[in-house]
Amino acid sequence: MTDARDEEFMRRALALAERGWGQTSPNPMVGAVIVRDGKVVGEGWHEKYGEAHAEANALARAGTAAEGATVYVTLEPCNHTGNTPPCADALISARVVRVVIATRDPGIQSGGGADKLRAAGIEVEIGLLEPEARELNASFFHSFVSDRPWVTLKLALSIDGAIADSQRGRAWLTNEDSRAEVHRIRANVDAIAVGATTYATDHPKLTVRGPIQPRVAPVRVVFVPDGTLSAGRTSVLEDVNGVSFVRVADLAASLRALRTRGIRSLMVEGGASIASAFLDAELVDRLVIFQAPIVLGGGALAAFGATSPRRAANVRRLPVLRRQSFGDDLMTIYALHAV
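Residues numbered from 1 in each chain as written. Predicted model: local features only at pLDDT ≥ 70, side-chain atom pairs only at ≥ 80, totals over all residues. Heavy atoms only, no water.

S.K.: What exactly am I supposed to notice about unusual backbone geometry here?
M.R.: Note on backbone geometry: most residues besides glycine have negative phi, and most peptide bonds are trans. In this structure, the amide linkage connecting S25 to the following residue, P26, adopts the cis form with an omega of 10°. Note that P26 resides in the loop between α1 (4–17) and β1 (31–36). The phi dihedral of D37 falls on the positive side, at around 55°, and the residue is not glycine. Along the chain, D37 turns up in the loop between β1 and β2 (39–45). Classification of D37 as exposed rests on a relative accessible area of 75%. For E282, which is not glycine, the phi torsion reads 55° and is therefore positive. Locating E282 in the fold gives a position in the loop between α10 (272–280) and β13 (286–291). (Helix = DSSP H or I, 4+ residues; strand = E, 2+ residues; numbered from the N terminus. Buried < 20%, exposed > 50% of the residue type's maximum accessible area, 1.4 Å probe, protein only.)

Shown next, in the form of structure tokens:
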């Protein structure tokens, strides 16, 4: 049965898992902590795709101290041989006595490690901080139940809800700290997208710039009006500059086309028309708002002005996952769908 110290160690495992940000895809980020007699004797995380998993790294650091220990791991230890041997077997060989798992592995091949551990006489508990563990790897879990990418819509707004001034001038609304956080988020997605108008007027690079460089650079995507693509083309067209131009007329079909190309997570960064299209089609999973302490006033471009009208009495309140200040800006993350 779990207690307060179990939660403490699992939170540490989750923090370790996040160190793999942008480096593990298509694998999930995983962290592991090994504790014996109330003391941490080994820690590890999945550092890069194709390399050792979290449990193996933690066991290597623990050495013989792992015998008789409890292991806290954010995802069920794998039960198959891929780029690395099964972690369930490694834990059994290390003679640990208890394994606390945040959430099960949904993989057909990789799952089942908990049952193998129990069959070897190891005590296994599952579900501690499961929502946090699933949120950390939302696109990974989403990929097992959906044929489209996990979609994050990010917008930078003034406090009166606008994304551009009345002149539609190109200017930063948010500060450097906020923009650095955006690049950190970008580092952990498979693709970054904007609408055609934003692409044509702002010329965004749609790249990751910052201290965290992803193992694989995100695909650059531009959503365009249906008539823009040549007749007979498929939903996705690769141009000479390496940008994927995607039809906006049927967003669901276009997202499915992106998914077939291995894109499991997509970050949409505006503008207002494409943001509204995604929201109206209910294709946004996470809404990330960066709000700057400025007022743009009359004639400014409203972020949600193109969305379908809604009656205040009938709209649902969106669950808030996190709020964090970046200087004088405020970031809020809303959950539109469950993981």
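S.K.: Just checking my understanding: could you explain the sheet that holds strand β4 (residues 98–101) for this structure?
M.R.: Consider a sheet: its strands pair through backbone hydrogen bonds, and that pairing is either parallel or antiparallel. Pairing in this open sheet of five strands is mixed, and the strands run β2-β1-β3-β4-β5 from one edge to the other. Here the strands that pair on one side only, and so sit at the sheet edges, are β2 and β5 (123–126). The average angle at which neighbouring strand axes cross in this sheet is 15°, direction not considered. Here strand β3 (residues 70–73) runs beside β4; their pairing, made up of four bridges, is parallel. When the sheet's bridge partners are listed, V73 is paired in β4 with I101. Against the sheet, α1 engages β1, β2, β3 and β4, with an angle of about 145° to β1. Along the sheet, helix α2 (residues 54–62) contacts β1, β2 and β3; its crossing angle with β2, the most-contacted strand, is approximately 140°. (Pairing = 2+ DSSP bridges. Axes fitted to C-alpha atoms, helices over the stretch in contact; angles between N-to-C directions. Contact = heavy atoms within 4.5 Å.)

S.K.: Just to check I follow, could you spell out the pairing of strand β12 (residues 265–268) for this structure?
M.R.: Where a strand is regular, its side chains alternate between the two sheet faces. Side chains of β12 alternate between two faces, with S265 and M267 and L266 and V268 buried alike. In terms of strand pairing, strand β6 (residues 150–157) meets β12 through four bridges, oriented parallel. Residue L153 lies in a different strand from β12, and its bridge partner there is V268.

S.K.: So what exactly am I meant to see when it comes to the state of the cysteines here?
M.R.: When the sulfur atoms of two cysteines share a covalent bond, that bond is a disulfide. Enumeration according to the criterion identifies zero disulfides in this entry. Free of any disulfide, C78 has its nearest neighbouring cysteine sulfur in C87, separated by 3.7 Å. (Disulfide = S-S within 2.5 Å.)

S.K.: Quick question: what am I supposed to make of the packing of aromatic side chains here?
M.R.: In this description, an aromatic ring pair is defined by two values, namely the gap between the centres and the angle between the planes. Scanning all chains against the criterion turns up six aromatic pairs. Ring centres 5.2 Å apart and planes at 75° place the aromatic pair F140 and F141 in the edge-to-face group. Like F141, F140 is buried. Seen in terms of ring centroids, Y199 and F245 are 5.9 Å apart; in terms of plane orientation they differ by 80°. Their pairing is edge-to-face. With Y199 in helix α8 (residues 196–202) and F245 in strand β11 (residues 243–247), this pair connects stretches of sequence that are 46 residues apart. On the accessibility criterion, Y199 (23% relative accessible area) is partly exposed. An aromatic cluster is built from F140, F141 and F144, whose rings are joined through pairwise contacts. Note that R19 overlies the ring of W45, its terminal NZ or CZ placed 4.8 Å from the centroid. The ring of F141 carries R134 above its face, with NZ or CZ at 4.4 Å from the centroid. (Phe/Tyr/Trp six-rings, centres within 6.5 Å; stacked < 30°, edge-to-face > 60°. Lys NZ or Arg CZ within 6 Å of the ring centre and 35° of its normal.)

Don't take any of this as a statement about function, it's just geometry.
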